[in-house]
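# Coordinates in review
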There are 2 protein chains.
Amino acid sequence: MIALPHEPFPELGSRLAQVLTKHLTAGGGTEPHLAAVIAEALARPGRLFRAALVWQTLTGLGWEPVFADSLACGVEYFHVASLLLDDLPCMDDATTRRGFACPHLEHGDATVILAALAFINRAYALIWRELAPLPQEMRLEANEFLDRELGLAGILNGQARDLRFGERPTSAREASRIAVGKTVALFRLALGFPALVGGARPAELKYLNGLCVHWGLFYQACNDLDDVGSGPKLGDSAARDAALVRPNLLLVLGPEAFTRRLDHLVRQAASNIDALVRINPMWLFLREAQEALVSGADEPVRPAVYSQAG
Amino acid sequence: MIALPHEPFPELGSRLAQVLTKHLTAGGGTEPHLAAVIAEALARPGRLFRAALVWQTLTGLGWEPVFADSLACGVEYFHVASLLLDDLPCMDDATTRRGFACPHLEHGDATVILAALAFINRAYALIWRELAPLPQEMRLEANEFLDRELGLAGILNGQARDLRFGERPTSAREASRIAVGKTVALFRLALGFPALVGGARPAELKYLNGLCVHWGLFYQACNDLDDVGSGPKLGDSAARDAALVRPNLLLVLGPEAFTRRLDHLVRQAASNIDALVRINPMWLFLREAQEALVSGADEPVRPAVYSQAG
């Protein structure tokens, strides 16, 4: 697939990796396997693409970096939890993640589930601590946002539909709808959510939502391309969509329409970014982010199967 | 074991069962298996012992019943999620819960994990919606409380240590410490948490914490007794502690010291309740709750293995 290595936000990455480690330390009393799964996940943070989006959005809107750190970390923890769970044998049955063996292989599925819950629990705690000083009305909106994107209408239902795709009819619309349910929801958490609590204007929120939809669909489509194009040479996770009967847009549309669709999604995303930059130049960082996303550099080894990866 | 059927808070139970169903409805777009797991869990709510404790505490402290409903529901959802996850093959590998087949047997482990996350996500949303009008200081305290009891220092680490108990030395102190990590944490969510956000006095919070510790240890000990005493006739989940090398206080202490310990825990709990009633007669409901707990009626079929059950 498209492959121009381009590291997004290189300086911010090391800052956020430190923050990530700081906010979830397994103390001495923590059961050793549980502590190990958490430590390994923190030691291999990937490019922290979503955390960087949160951080850039909040600091651009005037938040102090140290408060932006915590909220960025909270959103990234949700993402870490989703990766841990997605790799389980009962989900995508992956064996490697970010170049290392998946933790359930050494520490067991139960421990990985508990580690994911630790990340989720701490994510909520970090987010609600940082949002505590905000006006009640804004906190209520933020609460509804999290509930919607993380819950049955967002990530969870998307993942459930993905797992059960073989039981349903196949169409481009259906494959897109599944992508909206999961990939888009995590982009919304990384952009729409910090924009909302940072006090962005309604027009900005509208264009950000459009951007998240187009990025999410593009990202999902790239994974579909990986799955079909790479074959078994990339490892155990390649071509799993076909074996597991997962939705795959390339298989549904055919190569020509698929390429047109990728181009269309990138252009639509760029036009959303243009509109945002016209409102406020702070959104210029989104151009760099899009370049990273299109070049596949948001994740050192982009996993083939699960779309929220990275 | 001790078995005097005694239904706690019978009228409140049907009110709370309705509330439970109201706050998590899987819409038409929800993947059918995911919707089924959620619907089944809501249709078999047990006696809602923890929800009733939250509700009695909040209304006793002056909250309107309708607001108490939501917070009680939130705490109960955490409990429902823990039961769904505990029964998974990689955890306690249970086959029945509340007299019915565990949902992972029909709908698969992945769907059960997603359903548990749906309950957790909605629990946070309900809790933060109801706490939104509170002063910032109290919200920050509530946030720390949830983080501590749900996180690595509470339920998660307790469960991890329980699963890995075979790898560690056995002692009464160790078995008690594990019980404190998980069972006590869920009692604290059901009593200490609503007392905190309801504005109970520091002395009340202190005695409630003592009560939670003694109830938690008692509850865990009863499960240990069930496991050892009942043998396979109670179903697949009986005697699993021994097979899975779980901590079991009866096996560690022997029958005589174990009985003395049970008596001691009940008397200590009663003396905490007495102290609370002297401060405020509203805590009288705790006597009824203790009677239910001691008679085993907090759960129609008390599960043998996992201590947060019910």
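Scope of this entry: the structure provided in the associated data block. (Residues numbered from 1 in each chain as written. Chains lettered and ligands numbered in written order. Predicted model: local features only at pLDDT ≥ 70, side-chain atom pairs only at ≥ 80, totals over all residues. Heavy atoms only, no water.)

### Side note on the nonpolar core
Condition: The criterion is simple. A nonpolar core is a set of buried Ala, Val, Leu, Ile, Met, Phe, Trp, Tyr and Cys residues joined through side-chain atoms within 4.5 Å. For the exposure calls, accessible area comes from a 1.4 Å probe over protein chains only, and a residue counts as buried if that area is under 20% of its type's maximum, exposed if over 50%, partly exposed in between. Working rule for contacts: check all heavy atoms of both residues, and any pair within 4.5 Å makes them a contact.
Core analysis: the largest hydrophobic core is formed by 192 residues, its most contacted members being Leu53(A), Trp215(A), Leu286(A), Leu53(B), Trp215(B) and Leu286(B). When sequence neighbours within four positions are dropped, the list of residues in contact with Trp215(A) reads Phe49(A), Leu53(A), Phe187(A), Leu191(A), Ala269(A), Ile273(A), Leu286(A), Ala289(A), Gln290(A) and Leu293(A).

### Digging into the packing of helix H6 (residues 109-131) of chain A against helix H7 (residues 136-150) of chain A
Residue and element names in this part refer to chain A. Which entries qualify depends on this criterion: Inter-axis angles, ranging from 0 to 180 degrees, are taken between N-to-C directions of lines fitted to C-alpha atoms, where helices are fitted over the stretch in contact. Only runs of H or I of at least four residues qualify as helices and only runs of E of at least two qualify as strands under DSSP, and these elements are numbered from the N terminus. Throughout this description, any angle smaller than 35 degrees is read as roughly parallel, any larger than 145 degrees as roughly antiparallel, any in the 65 to 115 degree range as roughly perpendicular, and the remainder as oblique. Take the far helix as the reference: if the near one is turned anticlockwise from it by less than a right angle, the crossing is left-handed, and if turned clockwise, right-handed. Any residue outside Ala, Val, Leu, Ile, Met, Phe, Trp, Tyr, Cys, Pro, Asp, Glu, Lys and Arg is labelled polar, Gly included; the first ten of those are nonpolar and the last four are charged.
Two elements in contact, H6 and H7, have axes whose closest approach is 11 Å; the angle formed by their N-to-C orientations is 160°. The orientation of H6 relative to H7 falls into the category roughly antiparallel. Judged by the twist between their axes, the crossing of H6 over H7 is right-handed. Across from Tyr 124, Ile 127, Trp 128 and Leu 131 in H6, the residues of H7 making contact are Arg 139, Ala 142, Asn 143, Leu 146 and Leu 150. A per-class count over the contact of H6 with H7 returns 7 nonpolar, 1 polar and 1 charged.

### Let's talk about the interface of chain B and chain A
In many reports, interface size means the accessible area that the parts give up when they come together. Basically, it comes down to this: Buried area adds together the accessible area that both of two parts lose upon being put together, with accessible area traced by a 1.4 Å probe. Definition used for salt bridges: Asp or Glu carboxyl oxygen within 4 Å of a side-chain nitrogen of Lys or Arg. We define a polar contact as two N or O atoms separated by no more than 3.5 Å, with the added condition that, inside protein, one atom must be a possible hydrogen donor and the other a possible acceptor, whereas residues neighbouring each other in sequence contribute only through side-chain atom pairs.
Across the boundary between the two partners, chain B contributes 49 residues, which contact 49 residues of chain A. Buried surface at the junction of chain B and chain A, summed over both partners, amounts to about 4,100 Å²; 65% is from carbon and sulfur atoms. At the junction of chain B with chain A, the criterion picks out 2 salt bridges. Between Asp147(B) and Arg122(A) there is a salt bridge; the shortest N-O distance is 3.1 Å. At the junction of chain B with chain A, the criterion picks out 10 residue pairs in polar contact (both at pLDDT 80 or more). At the level of secondary structure, the elements contributing two or more residues to the side of chain B that touches chain A comprise helix H2 (32-43), helix H6 (109-131), helix H7 (136-150) and helix H8 (155-163) of chain B.

### Some words on the state of the cysteines
To keep it simple, the criterion reads: For this text, the term disulfide refers to a pair of cysteine sulfurs within 2.5 Å.
All told, the structure shown has 0 disulfides over all chains when counted by the stated rule. The thiol of Cys90(A) is unpaired, and the distance to the nearest cysteine sulfur, on Cys90(B), comes to 7.2 Å. Not part of a disulfide, Cys222(B) finds its nearest cysteine sulfur in Cys212(B), a span of 16 Å. Looking at Cys222(B), the relative accessible area reads 0%, which means it is buried.

### Things to note about H6(B)
Definition in use: Helix span, as expected, comes to 1.5 Å for every residue beyond the first.
Here H6(B) contains 23 residues, and its C-alpha end-to-end distance of 33 Å stays within 8% of the 33 Å for a straight helix at 1.5 Å per residue. Burial analysis of H6(B) places 20 of its 23 residues in the buried class, the great majority of the element.

### A look at the relation of the copies chain B and chain A
Two chain copies here: they are related by a rotation about an axis and a translation along the same axis. What counts is decided by this rule: Copy-to-copy alignment: least squares on C-alpha atoms, limited to residues at pLDDT 70 or above in both.
The transform that puts chain B on chain A rotates by 180° and translates by 0.0 Å along the axis, for an RMSD of 0.0 Å. One copy is carried onto the other by what is essentially a two-fold rotation axis. A shared interface surface links the copies, since 98% of the contact residues of chain B are contact residues in chain A too.

### Side note on the packing of aromatic side chains
For clarity, the cut-off: In this scheme Phe, Tyr and Trp rings, the latter by its six-membered ring, pair at centre separations within 6.5 Å, and the angle between planes marks the pair as stacked below 30 degrees, edge-to-face above 60, and tilted otherwise. Placement of a positive charge over a ring is assigned whenever Lys NZ or Arg CZ falls within 6 Å of the ring centre and within 35 degrees of the normal to the ring plane.
Per the stated rule, a full pass over the model turns up 16 aromatic pairs over all chains. On the basis of an interplanar angle of 65° and a centroid distance of 5.6 Å, the ring pair of Phe187(A) and Trp215(A) is categorised as edge-to-face. One end of the pair, Phe187(A), is in helix H9 (residues 172-190); the other, Trp215(A), is in helix H11 (residues 202-230), with 28 residues separating them in the sequence. For the residue pair Phe187(A) and Trp215(A), the accessibility class agrees, reading buried in each case. Cluster of aromatic residues (ring-pair linked, three or more members): Phe49(A), Phe187(A), Trp215(A) and Tyr219(A). Across from the ring centre of Tyr219(B), 5.8 Å away, lies the NZ or CZ of Arg50(B), which sits over that ring. Directly above the aromatic system of Tyr207(B) lies the positively charged group of Lys206(B), at a separation of 4.6 Å from the ring centroid.

### Notes on the side chain of Asp69(A)
All names here are of chain A. Tracing the backbone through its elements, the reader meets Asp 69 in helix H4 (residues 65-86). The exposure class assigned to Asp 69 is buried, which follows from its relative accessible area of 7%. Within the structure, the side chain of Asp 69 is placed 2.8 Å from the side chain of Trp 55, a separation counted as a polar contact. If we ignore the near neighbours within four places in the chain, the residues touching Asp 69 are Arg 15, Leu 16, Val 19 and Trp 55.

### Considering the packing of helix H3 (residues 49-60) of chain B against helix H15 (residues 285-295) of chain B
Residue and element names in this part refer to chain B. It is the contact of H3 with H15, at a shortest axis distance of 11 Å, that shows an interaxial angle of 170°. By the criterion of interaxial angle, the relationship of H3 to H15 is roughly antiparallel. Along the contact surface, H3 presents Phe 49, Leu 53, Gln 56 and Thr 57, while H15 presents Phe 285, Leu 286, Ala 289, Ala 292 and Leu 293. A breakdown of the residues in the contact of H3 with H15 according to their chemical character gives 7 nonpolar, 2 polar and no charged.

### Re the environment of Val266(B)
All names here are of chain B. Summarising the element assignment, Val 266 is placed in helix H14 (residues 255-279). Looking at Val 266, the relative accessible area reads 25%, which means it is partly exposed. The sequence separation of Val 266 and Ala 81 amounts to 185 residues, and the corresponding C-alpha distance is 28 Å. With residues up to four places along the chain from it excluded, the contact list for Val 266 reads Phe 218, Gln 290 and Val 294.

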